[in-house]
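# Geometric and topological summary
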Amino acid sequence: MIIYFVETEEAEQEYYSDQLSAHDLRFVSQLGEVGDDAEAISIFINSRITSKFLETHPRLRFIATRSTAIDHFDLPACRERQITISNVNDYGFTTVAEHTFALILALSRRLREVMLAPKGGAFSYAANRGFDLAGKTIGIIGMGRIGQRVAELAHAFRMTVLAYDIDHPTKLEQTLDFKFVELDEVLREAQILTLHAPLTAETYHILNRQTFAKCRPGVLVVNTARGALIDAQALREALDSGQVGGAGLDVLQDERVMRQSFSNIIAADIVQHLRSDATAYDARDADRVRELQELMLGDALLSKSNVVFTPHVAFNSVEAVERVQQVTVENITAFVAGGPINLVP
């Protein structure tokens, strides 16, 4: 089978080459480099599978995403083409939960502000004072495996835990010693809000102007899930007004500004435009404007001293990556054998 792997590092390539030696593996840096001879592909979250991509890859039968999230797929188009999709569940719930607390602690102890504090005698303890987590209320939006692990860690800090989820089994409350409440109560009571919900039509921009207005003034907001759970413009306004006291972000709707400077991204876009068919590009002007606005918002957020951010690395521990690699091989092997596993419905 001809299998293309997108967005892999050298060590991953060695692992997959060893474990899947019976197949024709091809490693490319981006989805646009996948040939039309691909029978299977393995992707990560930055590769968006659209109906247009499927049209240009007629031999494609199987996609192994190296993620739990599936919002980077046009699922109806995949179903129409009868393409099988497998994902990797629960590979990093401990990893992401621990990273969540790394961001929470960075905010509660104002680490970025302390690091940026003036040197040479002008330092002020009062201006850089943090607060204890003990006795505070954490609100968890989304109580899957990651949210549950966050709840367990919160108890180690002696925090009160409130949670919101569309599914709320009583047994889980008793086991993990927290309380399921309605979203408005989480917003009203939590001093720290952390997001662990999947991105769906219902959760898109679940934190927006209206929901931020319901929050306790000065609330800290942490997002290690998906960028589009937060309306970036609303977050910027809430940070400016003080309604949100700080934000810890591992994700954004457009995450390029987490890895590159805004000016470099714009320069590359200009070069691409000059090298492209101008007529074809003009047809995308509205999309380009939206992308530019999203980039500008992201850049403005990340420049704030009360925002700490990491470039979508909450999943990135040795243990979690090993699990992703192992399950991806199992998914591909099972599909080839005619008994696919970990199927995306």
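What comes next is a walk through the structure.

Reading the values: rules and limits
Residues numbered from 1 in each chain as written. Predicted model: local features only at pLDDT ≥ 70, side-chain atom pairs only at ≥ 80, totals over all residues. Heavy atoms only, no water. Core = buried A, V, L, I, M, F, W, Y, C linked by side-chain atoms within 4.5 Å. Buried < 20%, exposed > 50% of the residue type's maximum accessible area, 1.4 Å probe, protein only. Helix = DSSP H or I, 4+ residues; strand = E, 2+ residues; numbered from the N terminus. Contact = heavy atoms within 4.5 Å. Pairing = 2+ DSSP bridges. Axes fitted to C-alpha atoms, helices over the stretch in contact; angles between N-to-C directions.

Before going further, it helps to examine the nonpolar core. One finds L193, L207, F212 and L235 to be the most contacted residues of the largest nonpolar core, which totals 34 residues. Within the residue set of this core, elements represented by two or more residues are α8 (183–189), β9 (192–195), β10 (219–223), α10 (232–241), β11 (244–249) and α13 (285–302). The element contributing the most residues to this core is α10, with five residues. Contacts of F212, omitting those with residues within four sequence positions, involve L207, V221, I230, D231, A234, L235, A238, Q243 and V244. Ranked by size, the runner-up nonpolar core spans 25 residues in total, among them A106, A163, F178 and V222.

Two orientations exist for strands paired in a sheet by backbone hydrogen bonds: parallel and antiparallel. Strand order in the open sheet formed by seven strands is β8-β7-β6-β9-β10-β11-β12, with parallel pairing between adjacent strands. Each edge of the sheet is formed by a strand with only one pairing partner; in this case those strands are β8 (179–180) and β12 (307–309). Inspection of the sheet shows strand β6 (residues 137–141) paired to β9 by four bridges, in the parallel sense. Residue I140 lies in a different strand from β9, and its bridge partner there is T194. Those strands touched by helix α6 (residues 145–156) are β6, β7 (160–164) and β9, and its axis lies near 170° from that of β6. Docked against the sheet, α10 engages β11 and β12, running at close to 135° with respect to β11.

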